[in-house]
Amino acid sequence: MTTAVRRFAPTIPGTQPPYLYPDYGSTVKRAPQRPPFRLEQTLTEVTGPVFTDGWAGPEAADLTRGHGGPPLGERIIVAGRVLDEDARPVPGTLVELWQCNAAGRYRHPVDQHDAPLDPNFDGVGQVITNARGEYRFLTIKPGAYPWRNGPNSWRPAHIHFSVFGPAFATRLVTQMYFPGDPLLALDAIFQSVPDSAARERLIAAYAPEFGRPEWALGYRFDIVLRGRAATPLEPQ
Amino acid sequence: MAEKLIPTPSQTVGPFFHMALERPQWSDLTRDGPAGERIVITGRVLDGDGMPVGDACLELWQANAAGRYAHPDDTRQDRPLDPHFRGFGRVSTDAEGRFRFVTIRPGPVPGRGNALQAPHIAVAIFARGLLRQLVTRIYFADEPTNETDPVLSAIADPALRQTLLAQRVNDADPPTYHFDIVLQGKGETVFFEV
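Residues numbered from 1 in each chain as written. Chains lettered and ligands numbered in written order. Predicted model: local features only at pLDDT ≥ 70, side-chain atom pairs only at ≥ 80, totals over all residues.

Trainee: Where do I start with the overall build of chain A in this structure?
Mentor: Broken down by element type, chain A carries 3 helices and 12 strands. Taken against the 2.2 N^0.38 rule, which gives 18 Å for 236 residues, the C-alpha radius of gyration of chain A at 19 Å falls within 12% of a compact globule. Here the C-alpha coordinates of chain A stretch approximately 60 × 40 × 30 Å along the principal axes. The 236 residues of chain A split such that 42% are buried. Long-range contacts, defined as pairs at least 24 residues apart, comprise 72% of the intrachain contacts of chain A with a sequence gap of at least 6. (Helix = DSSP H or I, 4+ residues; strand = E, 2+ residues; numbered from the N terminus. Rg over C-alpha atoms; globule rule 2.2 N^0.38 Å. Buried ≥ 20, exposed ≤ 12 C-beta atoms within 10 Å, placed from the backbone. Contact = placed C-beta atoms within 7 Å.)

Trainee: Even after reading the chapter, I still don't get the overall build of chain B, so can you show me in this structure?
Mentor: When you go through chain B residue by residue, the secondary structure sums to 3 helices and 10 strands. Going from N to C terminus, chain B has its helices and strands arranged as α-β-β-β-β-β-β-α-α-β-β-β-β. For 194 residues, the compact-globule formula gives about 16 Å, and the C-alpha radius of gyration of chain B, at 17 Å, lands near that figure. At a minimum sequence separation of 6, the contacts of chain B that also span at least 24 residues come to 71%.

Trainee: Is there a simple way to explain the interface of chain A and chain B in this structure?
Mentor: Accessible area lost upon the coming together of the parts is a frequently used measure of interface size. Facing the 71 residues of chain A at the interface are 63 residues of chain B. Looking at the side of chain A that touches chain B, the elements with two or more residues in it are β1 (37-38), α1 (43-46), β3 (94-98), β8 (158-163), β9 (172-177), α3 (196-200) and β12 (223-225) of chain A. In terms of residue class, the side of chain A that touches chain B is made up of 35 nonpolar, 21 polar and 15 charged. (Nonpolar A, V, L, I, M, F, W, Y, C, P; charged D, E, K, R; others polar.)

Trainee: Help me understand the sheet that holds β8(A), please; the structure alone is not making it clear to me.
Mentor: One key point about sheets: their strands pair by backbone hydrogen bonds, in either a parallel or an antiparallel sense. All names here are of chain A. Spatial strand order, β4-β3-β8-β9: 4 strands in an open sheet with antiparallel pairing. A single partner strand is all that each edge strand has here, and the edge strands are β4 (124-128) and β9. For this sheet, the mean angle separating the axes of adjacent strands, direction not counted, is 20°. Here 5 bridges tie β3 to β4, and the two strands are oriented antiparallel to one another. When the bridges of β4 are listed, Glu 96 appears paired with Gln 126. (Pairing = 2+ DSSP bridges. Axes fitted to C-alpha atoms, helices over the stretch in contact; angles between N-to-C directions.)

Trainee: Even after reading the chapter, I still don't get the environment of Leu39(A), so can you show me in this structure?
Mentor: By the secondary structure assignment, Leu39(A) is in the loop between β1 and α1. For Leu39(A), a count of 21 C-beta atoms within 10 Å gives the class buried. Discounting residues that sit within four places of it in the chain, Leu39(A) has contacts with Val151(B), Phe192(B), Glu193(B) and Val194(B).

Following this line, the structure appears as structure tokens:
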């Protein structure tokens, strides 16, 4: 029995960063030298793990809870939709996120930056998108932090996002940045994306409609995954 | 035709992903007792200097022992689903760049023209210094159907093909296969654009 394979559209040149980007020092020894081999998508690439609802409880989307008291910093609500390039929502997909605290310190043994840990903040969350592809997190705004890429390099404030989407081919790990951050112009990781419109996709929009008056600022961050290929279904 | 949306670019996973992504139970794809031949896969991730990559995250995706994916797009009724096997694993490397996971040997799945592909595991590698994940596949060196696998056959250089073959290193129960991932330089693994 032949199986039709619903392939994903090819990556648009310039919308993804290269592997080698010398301004980001760590890529120099980790980027492959050989260009990748083209792999025609098969069932392997167009399928992927399915995480059913209820896997992560509702508390998992509230990063301000679960400790003795509230964390320090600006309370923010980050919300948006996971979509594909054809604006179709991606329901039921797992979104994991992690971030440093308001002082710019990660709760991770490798982070020894001279900024205090917050006993009331871990910075880890997960959520599964609803039937409309929507997600929503409550957290605090992360601080900038220094890293050893250059003599005075600081990462802009950012939240790490990990999204599965429907398939192995749609898997995305990215970072969300905040509008108006002066560090973006100097950040090698952000600047590695060649296309300026694609770079803009990484910056959340201030969204008062998602905030709560006298309580939390709101930011919108939509995540756009690969869409399906234009050619019609074909048997494998 | 409607205007397409610009896709969200990838950014590096960074060095602190363990706090959110590390789930030790996900390194054992057999934890729910699936059917099939249980195997252990070990390896090291190395950089362009041959140094260990101690902060990599590997993700694995594979079919069950019968060659069926636990996903709605795999509708082949002749290959049964296994309710005890999701087919997804995640493991991070230790300070020496080593990883280890336990799984069952996947069955073959169809490729182009409905010809069967040889059994394989899809792998995505995330790390500091990788702005985007690397994609490769683990095949098994002792699998006779590798000869007719379309992906392996498309790689002309046998030395490059060799980088995709996990070598059986013992006959223990379960047996161990070894698969190193060399990101750059001498012995560089074959990576794919999907």
